[in-house]
Structures are given as C-alpha cells and as structure tokens.
Amino acid sequence: MQNTLDIFKKLLDDLWKGLEKQLKPPMIFSAQTLVLLSFYSLFIGILTTGFTQRFIIACGWMFFISGTAWLMNDNPIRINNSILLNYWITGIIICLFVFGYILEQLHQLELWVILPLVVMLITALNDFTDANLKFCIPNVPTRQKLVTLLAVHLLISCWLQFFFVANNLLNDYSSLLGENFRNSAFVIKLPFIPRPTEKGELILSSVIAPVKVKLNNQPWSEIEALLQPNRTQWIQDIHQAVRGRLSPAKENSLWAMESDVTSEDWGYGLELSSIWNGPSSNGDGIKFSSKCQIKKINTSPREINSQSTSKVSSTSKMECQKIIKSRRRL
Amino acid sequence: MFYLIILPIIFWQSLFLLIATTWDTFLFYRQLRVSRKIAIEYARTLNLFTLVLGWISFFIIISFLPQPTELRIISWLFFGRPFDMEENESQLNFFLYFLIIIITTTATKFAGMRVLQSLLQNFSPAGKNITHRKLDRKPLFTFTSEISIIFLSNILINTTIAILLFIKGLYS
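Chemist: Could you give an account of the overall build of chain B, with specific residues and numbers?
Modeler: In terms of regular secondary structure, chain B is built from six helices and one strand. In chain B, buried positions account for 30% of the 172 residues.

Chemist: Break down the overall build of chain A for me, citing the residues and quoting the values.
Modeler: Helix and strand counts for chain A stand at 10 helices and eight strands. Its C-alpha atoms give chain A a radius of gyration of 36 Å, more than 25% over the compact-globule value 20 Å for 330 residues. Across its three principal axes, chain A shows a C-alpha extent of roughly 110 × 70 × 40 Å. Taken over 330 residues, chain A has a buried fraction of 22%.

Chemist: Just give me the short version of the interface of chain B and chain A, but keep the residues and values in it.
Modeler: With 38 residues of chain B at the contact, the number on the chain A side is 40 residues. Counting residues per element, the side of chain B that touches chain A draws most heavily on helix α2 (residues 36–62) of chain B, at 10 residues. Here the side of chain B that touches chain A is composed, by residue class, of 28 nonpolar, six polar and four charged.

Chemist: So what's going on with the confidence of the model for chain A? Which residues, and what values?
Modeler: Keep in mind that low pLDDT regions are not for reading the predicted coordinates in detail. Chain-level statistics for chain A give a pLDDT mean of 85 and a share of 95% at 70 or above. Looking across chain A, the model is least confident in helix α10 (residues 301–304) of chain A, with a mean pLDDT of 53, and most confident in helix α6 (residues 140–172) of chain A, with 93.

Chemist: Now, about the environment of Lys-250 of chain A: what can you tell me, with residues and values included?
Modeler: Positionally, Lys-250 of chain A belongs in the loop between α9 (231–245) and β4 (255–264). Since 15 C-beta atoms lie within 10 Å of it, Lys-250 of chain A is described here as partly exposed. Put simply, Lys-250 of chain A and Asp-172 of chain A are 78 residues apart on the chain and 5.6 Å apart in space, counted from C-alpha to C-alpha. Discounting residues that sit within four places of it in the chain, Lys-250 of chain A has contacts with Asp-172 and Tyr-173 of chain A together with Gln-67 of chain B.

Chemist: Could you give me a rundown of the nonpolar core, with the residues and numbers involved?
Modeler: Residues Ala-151, Ala-166 and Val-187 of chain A together with Ile-6, Phe-28, Tyr-42 and Val-52 of chain B are the most contacted members of the largest nonpolar core, which totals 50 residues. Those elements giving two or more residues to this core turn out to be α5 (115–127) and α6 of chain A together with α1 (7–32), α2, α3 (67–79), α4 (87–120) and α6 (146–171) of chain B. At 11 residues, α6 of chain A tops the list of elements feeding residues into this core. Sequence-distant contacts of Val-52 of chain B, that is, excluding residues within four places in its chain, are made with Ala-151, Leu-154, Leu-155 and Cys-158 of chain A. Core analysis: the second largest hydrophobic core is formed by 19 residues, Ile-203, Leu-254, Leu-272 and Ile-286 of chain A among them.

Chemist: So what about the pairing of β4 of chain A? Which residues, and what values?
Modeler: Residues and elements named next belong to chain A. Pairing geometry for β4 and strand β5 (residues 267–276), over 10 bridges, is antiparallel. The residue bridging Met-257 from the neighbouring strand is Ser-274, located in β5. Between β4 and β5, which pair antiparallel and follow one another directly, the connecting turn spans two residues.

How each quantity is defined
- Residues numbered from 1 in each chain as written.
- Chains lettered and ligands numbered in written order.
- Predicted model: local features only at pLDDT ≥ 70, side-chain atom pairs only at ≥ 80, totals over all residues.
- Helix = DSSP H or I, 4+ residues; strand = E, 2+ residues; numbered from the N terminus.
- Buried ≥ 20, exposed ≤ 12 C-beta atoms within 10 Å, placed from the backbone.
- Rg over C-alpha atoms; globule rule 2.2 N^0.38 Å.
- Contact = placed C-beta atoms within 7 Å.
- Nonpolar A, V, L, I, M, F, W, Y, C, P; charged D, E, K, R; others polar.
- pLDDT = per-residue confidence, 0-100.
- Core = buried A, V, L, I, M, F, W, Y, C linked by C-beta atoms within 7 Å.
- Pairing = 2+ DSSP bridges.

Next up, the structure:
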C-alpha cells in the first residue's frame, strides 16, 4: 500500500515539475506570463458578473492573443519549413475574439472575409516597428514586399467574398441546384448534396389542389364554361395566390403557369405545367407538368333531385396523373 | 447553405496572373528597359491590384443589378452560356466587354504604376536601373511610353486568355 502511494506521489511530483517547467515564465516580462495571465483572467472572469466579467475576460483574450503571438514569434510554425503560419494563427485567434466574443456573431461566416486583411495588418505591423517597438518606415524592398503581400491578401479576401456571393445567388435561385455546373469556369457544385425540393413541383401541386376543387363534381355546363373562355385567367389567379404563399425568394417570379385543354371522347384533358423561365445548364427551360382528366359522369334525375325532372344531367370527375419533370426548348 | 466551391476561378485567375505577369514583365523589360527584378515586381503587383479592383467593382455592381441582368450573369457564372440573348447580341456583348476590360485595365494599371512609382521610387524607364548591355538591345516596338506598353500588354494578355477559354469551350 505504502509502495503504491509512493509511486502515485512520485507521478504527481513529476507531473507538477513538468508543468512547472513548461509554464513557469523564464522572466516576468515574457510570453508565458501573458498566457498565464489570460488563464488567470478567465478564472477571475468566471467568478464575476455583468460588465466586469466581460471586461476581465476581454483582457484575458488580449493577453492570450499577445502571448501566443509572442510564443510563435520565438518558435515559428511552418509548413514544410517554408510557409509561415504564425500570422494566420494569430489572425484566426483575433477574429475569434472580435467576431465571437465582442460582436457575438461567430455564426456569420461572411465576417471571415476580412481574415486575410487582419493577417496582412499583423504582418505589416512587424515591418513598421523596430526592435524597440517604435514606428519606422520600411525600406524600399520591404515596401515592395508589403505592397505585393497586401495585393495577395486582398485577392484571397475577394475569392472568399465571391464564394459567399456565388452561394447566396444559388440560395436566391435554388431551383438551379438540380442543374449541371460542368461548363462553369467559376464554380463547381459540391458532390453528394441532398436532392433539393423542386419548387416547380411544389407550385404545381399547390395549384392542382384548388383547380380540382373548382372542377370536380360540378355541373358539366359549368365545366365547359370554366375550361373554354376564361381558363387562363382563373388558373393564373390561383397561381398568383400560390406564389404569394411561398417563402419569399427572388426566383418565385420566374415560375410561370401554363394550361392546355384538349377535347376527348370522355370529356376534357387538362395539362397543367409549371415552367421555369430562368437560366439553365443546357439553355432549355425546366417544366413540371401533370395531365388531368375531367370526365363527364352522367347522373340519373333521381340522384340529383328525387322529385323530378326527366332530363339526364351530367357532372364532372377530375383525376390527375403524377407530376413529371421535363425539359422544354425555349 | 453552401453548395458551390470556387476552385475553377482560383485556377483560372492564377493562370491569368501567370500569363499577365509574363507578358507585362517581358514588355516592361524589353520596351521600358527596367531591370528584370523590378519588371517582375511591378508586373506582379499591378496585375494583382487590377484583379482586386475588378472583383471589388463586380461585388458593388452585382448588388445593384436588375433581375434580368443578374440572371444573365448567373447564367455565365454557373453554366458558362448566354441567357435570354440572341447569338449576334451575345457576340457583340463579348466584343464590347473585351474592349471595356482592355481600356479599364490599361487605365487601372497606369494609375497603379504611378502610385507604385511614387511609393517605391525605384522604377525609372531607361534610367539608372539598367545595365549598359540592356541599353544596347533594340526594343521590339517603336513606341516606349508606359501607357502604350501597358495597352499593348493588355491586348496580348486578353487575347491569350480568350484563346485559352475558347480552347476550353471546345473541349467541354
């Protein structure tokens, strides 16, 4: 038992010595002191509330940023002994502090567009100060290097911004998600993205339901009146109402509704189509259509009016087929 | 949600930078007779800043565009094809864009060169930066003013890029 305790004691002792060796600052004004101060500020911050807490934790962040930047300055982190990562890591920590802690907008990924500029500022700061941290104007080769670096970082920021712009455009016109992006010299579509909800299909099914209500179980004379002279108008009215209920998106106005009626032996055929009038990968419009049959059902006078007329009257019965997606040459 | 990645534009713009820097360096060195190092540095920086200004203009313009024009741009960006345009109109537009790009990049590069010259003060055509050997070399063209060299260089750059895009179009 004594032996186990000794081993445990020795382990703890070694661990403490190791920690002490790692964490004990070599002198008062050192990077380790700043990192330790940041942990101390975090600990004190947890014990306080309100503005004091935010202020102390913000100080902790600043100690941490300065400490890690200093540490990395002493021990640079490189990829393959060439690409220096120090400024990028410091830049990411600063952005986390500003976006996450001060602005509380870490979920707003668009803010990260300025990360390359933050990195550029940190890099430039190094060249605009001398060993005593005093401001100095860099010499011509350094100025040339800084101008090129600024341009490169600005270009990276622009690429990041374009990433967001392209994706926002696709979110505005989400019906394009099903298209082929193979010919684009600007973007490629990520593989394995889930199949999007087809807005055209959604609009068409939402239009079919009220059309069915309007045309089902109606006297045949009324059906003929509805289908022939003013069909386009009332179908468009339904379409407008459906569009008004959709979640607002720029692409909503690009979906049009068309209808076509054919006279058949058994009644009328009605084809309803939701048509995409926006751009597409092969220049053809996207079309969702459903063929409906409006059948004439003869009903005996008894069924209509038990007292009554000798005339045979007719009503309608409407059935629609499955919605089909197809291409339509514009 | 993010569905698109922008690797193709990064590839094409890097290629564009390479071609543009090569042409500019070649012409600055041969025509303006600055040292090789300075020619490379100026060419690289000017082309980078031209791209950045182009992007910034694009971001500003696209936020104010009416929907029909926005749809045309989307069609070019996503599908590499014209939308809602006759073939003649599309060819005319291509030619106009080509002209606009050449004129604006020439102006931008010239202004950028002046800013760089005042900032770095190390670019003096046919001045102290060149060696005796270089002075003896005859320029390829008779004109040697900065703006005409930039203009010529832009025509060469954009023609090279247009040829590359045409070849890409043939194979896609």
